[in-house]
Amino acid sequence: GMSWEAVRRRGEKVLARVGAVAVGGLVLSQYLMFARRKKEKISDGTVLHLDMSLPLVEIPPPPLSSLTSPRQPLMLKNVVDAIHKAAEDSRIKGIVCTFGTDNLHSLATLQEVRQAIERFRAVQLQQPESSRKFTCVTTDTFGEGAQGTSQYYLASAFDKIYIQPSGSLGLVGVNMPTFFLRNLLSKIGVEVQFFKFFEYKNAPNVFTEEGFTRPHREQTEKLVGSIFDQIISGIAAQRRLSAAAVSKAVNESPLSAQEAQAQGLVDGILYTDQVLDVFEAKSIVSMRSYSKSVLKKSEAGMMGMVQPQSSKSSKIALVNACGDIVRGVGNPSSRDLQMGSEQVTAAIRSA
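Just so it is clear, the structure is predicted and the values come from calculations on it, not from any experiment. (Residues numbered from 1 in each chain as written. Predicted model: local features only at pLDDT ≥ 70, side-chain atom pairs only at ≥ 80, totals over all residues. Heavy atoms only, no water.)

## Thoughts on the nonpolar core
If you look at the biggest cluster of nonpolar residues, it comprises 54 residues, and the most contacted ones within it are Leu50, Ile83, Ile95, Phe142 and Tyr290. By residue number, the principal contributor to this core is helix H2 (residues 76-87), which donates seven residues. For Ile95, the residues in contact, after removing those within four places along its chain, are Leu48, Leu50, Ile83, Ile117, Phe120, Phe134, Thr135, Cys136, Phe158 and Met287. If you look at the next biggest cluster of nonpolar residues, it comprises eight residues, including Val47, Tyr162, Val275 and Phe279. (Core = buried A, V, L, I, M, F, W, Y, C linked by side-chain atoms within 4.5 Å. Buried < 20%, exposed > 50% of the residue type's maximum accessible area, 1.4 Å probe, protein only. Helix = DSSP H or I, 4+ residues; strand = E, 2+ residues; numbered from the N terminus. Contact = heavy atoms within 4.5 Å.)

Spelled out as structure tokens, the structure:
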């Protein structure tokens, strides 16, 4: 019989071969999937699809992440730049936006996209009415009876909003829940010690307090109030409603599709295929494909942030920094995004 060492070596070889076959099969399946995917052509009358079920990120995902995640994030800058390009692209007929089931995006990200859509619409107002491009949102629901405020806030920037008959509008406002763990930790014999600089540094309060301190409550209420006011005023301005009317809708939400239409919050109750028929959207191209088609490498992604577009005029430097602010150069092996203080200051000085 074979010795244990011989059995172990043979086992390692078999596992290595199995692993190689598995990885090779994964790579091949991904290659075939992309190779078979029909290239989307930008032709006259093209309608762009903005899929907000995808994450919008400020830095490119890892190169091999597509092997494990078929739904790749979109670069926020590319989306915004593509919307700007589409505003004056004669081949583009309009933009249709859809949402997913989750609220993936921060308020800041939504505002970036929202402002791009507003500029797109402003450009159309300068054109003859017959050649203006449309923007619309079509969805089955906003929040499915729960939190749909952020989705609707973005949707309100579009010309038209359509929802299916059984949908609902969850315009339920803004919340910022906080859990306090002091009593729980005390019960299991854990004593937490933090060094806190000032009373408004509230992160340790989760572990050291039984509830809101006065500064913590003041800070939270002001932040929530500011966000809520921005959302209400933004919706009111774009939907041509009073702030009082939008606040009333929040207090009465969730609203059925019929109630939302009666209050002027949606324009029609239609299914997505019916909406596409209304706008005669025959050729639909994803925003990802369009951005790859029209944005030069010098404009797309990170390169567009660091390369000057003109050498004749004055320039404004953009230092793109993402992640937690940490001392020094940060931890290169960390899986979380970090902004090392030395790196950021060096970038500012270089600019």
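## With respect to the confidence of the model for the protein
For the protein, the mean per-residue pLDDT works out to 82, and 80% of the residues sit at or above 70. Taken as a whole, residues 18-37 scores under 50 in pLDDT and shows four contacts with residues more than four places along the chain or in a different chain. Predicted confidence is poor over residues 302-306, with pLDDT under 50, and the contacts of this stretch with residues over four places away or in other chains come to 15 contacts. (pLDDT = per-residue confidence, 0-100.)

## Overview of the pairing of strand S1 (residues 46-51)
The buried fraction of S1 is high, at five of six residues. Where S1 meets strand S10 (residues 283-286), four bridges bridge the pair, whose relative direction is parallel. The residue bridging Val47 from the neighbouring strand is Ile284, located in S10. (Pairing = 2+ DSSP bridges.)

## Quick notes on the packing of helix H7 (residues 214-239) against helix H8 (residues 243-252)
The relative placement of two packed helices comes down to the angle between their axes together with the axis-to-axis distance. Between H7 and H8, the least distance of the axes is 8 Å, while the angle of their chain directions is 115°. Of the two possible hands of crossing, H7 and H8 adopt the one that is right-handed. Contacts between H7 and H8 involve Phe228, Ile232, Ile235 and Ala236 from the first element and Ala243, Val246, Ser247 and Val250 from the second. Along the lines of polarity and charge, the residues of the contact of H7 with H8 split into seven nonpolar, one polar and no charged. (Axes fitted to C-alpha atoms, helices over the stretch in contact; angles between N-to-C directions. Left-handed = near helix turned anticlockwise from the far one by under 90°. Nonpolar A, V, L, I, M, F, W, Y, C, P; charged D, E, K, R; others polar.)

## Concerning the pairing of strand S5 (residues 134-139)
Most of S5 is tucked away, with six of its six residues classed as buried. Every second residue of S5 is oriented toward a common face, with Phe134, Cys136 and Thr138 on one face and Thr135, Val137 and Thr139 on the other, all of them buried. Inspection of the sheet shows strand S4 (residues 92-98) paired to S5 by four bridges, in the parallel sense. Paired with Cys97 across the two strands is Val137, which belongs to S5. In this view, the connection linking S4 to its parallel neighbour S5 by way of helix H3 (residues 107-125) has right-handed handedness. Two strands pair when backbone bridges link them, and S5 and strand S6 (residues 160-163) are joined in this way by four bridges, in the parallel orientation. Each residue of the ladder has a partner; that of Val137, found in S6, is Ile161. (Right-handed = clockwise from strand over helix to strand, strands pointing away.)

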